[in-house]
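What follows is the residue order along each chain.
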Amino acid sequence: MLTTVLLIAAVIADLCIYMNGSRIHFGSEEDAAVVQGDGYSIKATIDGKYISKEVLDRFVIKRIRKAEKKLDLAPMKVSDADTMLAALTDEKMKMGPDAIARKLDKQIRFCDKATVAIIRLSGGKTKFCITEVEVNGVALDRFLPEFDRLQAENSLANLRTNLGVEPDHYYLAATDDGQLEVIEACGSSPVPTKMFIRYGDETGLGSKWESDTFEAQRPGAARLQTGAVQGGVRHQFKKTEDGFKAKLLVEFPTATPGRIIKNHQMHLAIEFSNWVKSSAAKSE
């Protein structure tokens, strides 16, 4: 086992050196909304650049194609991102969580070993993955309770919403002891991870609440099935005259490849835009 872990660590170290030496750019200087609806809009920025609807949709479709292969689904013939994401969600709901978990089990176990190696290489330190969103037309007092409910209350409707906000989501639901169990491909990783997030637990987090700027936060440590801390989240929010702004922050071990960080910035833009969209639809 130790030899296997060390071998994985060596491979990952080489991968980190290569990937962190490359840069992946998304977005532009031009102001653009990623989601627009009746009376509301959502803008997302990554590294100070706006993400357009077209860029977001291309990324979504690419990730849907990967999910189809993981789940052994026939490729969809349609090419509209929203339609495809809804259809993929239908397929995930038909399969059910147990069947999906069985299908992904070997990949998850491999990812566990790789993540342990990355954690060891990182020496307990983390680096930040940040995406910012600006929402007009949906109040923070409306969105946050809905977000909390989706993380804490189990129902088929909530599972559908959580699966439907991002193609790389394979399971998001609360455990009996108050954690959020997540199966997803973080940062477009070739293999999905299984983790448990406990909101309010800041163990191992390197970020701090910027309380002078943001009036609300949702921090939480993320752990592997073994209990090892692999990072976590610290999402921060502030009200604006027309809605709210959010700084979405995920912490990864420092040895995580740079490409994973960049891709997960897009992941955050997709899932939170769709969570806001869902909240807006329920308030109509």
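Our subject is the structure that appears above.
Below is a summary of the structure that appears in this document.

Calculation notes
Every chain is numbered independently, its residues counted from 1 as its sequence is written. With the structure being a predicted model, the display of local features is reserved for residues of pLDDT at least 70 and the display and counting of side-chain atom pairs for 80 or more, all residues being used for whole-chain, interface and lining totals. Computation of side-chain values covers all heavy atoms of the structure but excludes hydrogens and water. A side-chain nitrogen of Lys or Arg and a carboxyl oxygen of Asp or Glu constitute a salt bridge if their distance falls within 4 Å. Helix and strand definitions follow DSSP, with helices as H or I runs of at least four residues and strands as E runs of at least two, each counted in order from the N terminus. Each residue is placed in one exposure class: buried if its accessible area under a 1.4 Å probe, protein chains only, is under 20% of its type's maximum, exposed if it is over 50%, and partly exposed if it falls in between. For Phe, Tyr and Trp, where Trp contributes only its six-membered ring, two rings pair if their centres lie within 6.5 Å, and the inter-plane angle classes them as stacked under 30 degrees, edge-to-face over 60, or tilted in between. Distance and angle both matter: a charge sits over a ring if NZ of Lys or CZ of Arg is within 6 Å of the ring centre and within 35 degrees of the ring normal.

### Looking at the pattern of salt bridges
So, step 1. Evaluation of the coordinates by the stated rule reveals 17 salt bridges.
So, step 2. With a closest N to O distance of 2.8 Å, arginine 63 and aspartate 168 form a salt bridge. One end of the pair, arginine 63, is in helix α2 (residues 53-70); the other, aspartate 168, is in the loop between α6 (156-164) and β5 (169-174), with 105 residues separating them in the sequence.
So, step 3. Among the residues examined, arginine 63 registers a relative accessible area of 4% and is labelled buried.
So, step 4. Judged by its relative accessible area of 1%, aspartate 168 falls in the buried class.
So, step 5. Two residues, lysine 94 and glutamate 91, come together in a salt bridge whose shortest N-O distance is 3.9 Å. You can see lysine 94 and its partner glutamate 91 sitting in helix α3 (residues 81-95), three residues apart, about one turn around the helix.
So, step 6. Under the relative-accessibility criterion, glutamate 91 is labelled partly exposed at 30%.
So, step 7. Within this structure, Lys53, Asp57 and Asp82 form a network of salt bridges that share partners.

### A look at the packing of aromatic side chains
Aromatic ring pairs: the centre-centre distance and the angle between the two ring planes describe each pair.
So, step 1. Taken as a whole, this structure holds nine aromatic pairs when the rule is applied.
So, step 2. Of the aromatic side chains, those joined through ring pairs into one cluster are Phe143, Phe147, Tyr199, Phe237, Phe244, Phe272 and Trp275.
So, step 3. For the cation-ring pair, lysine 92 lies above tyrosine 170, with the distance from its terminal atom to the ring centre recorded as 4.8 Å.
So, step 4. The aromatic ring of phenylalanine 214 is capped on one face by lysine 238, whose charged end is 5.9 Å from the ring centroid.

By themselves, these observations are geometric and do not establish any function.
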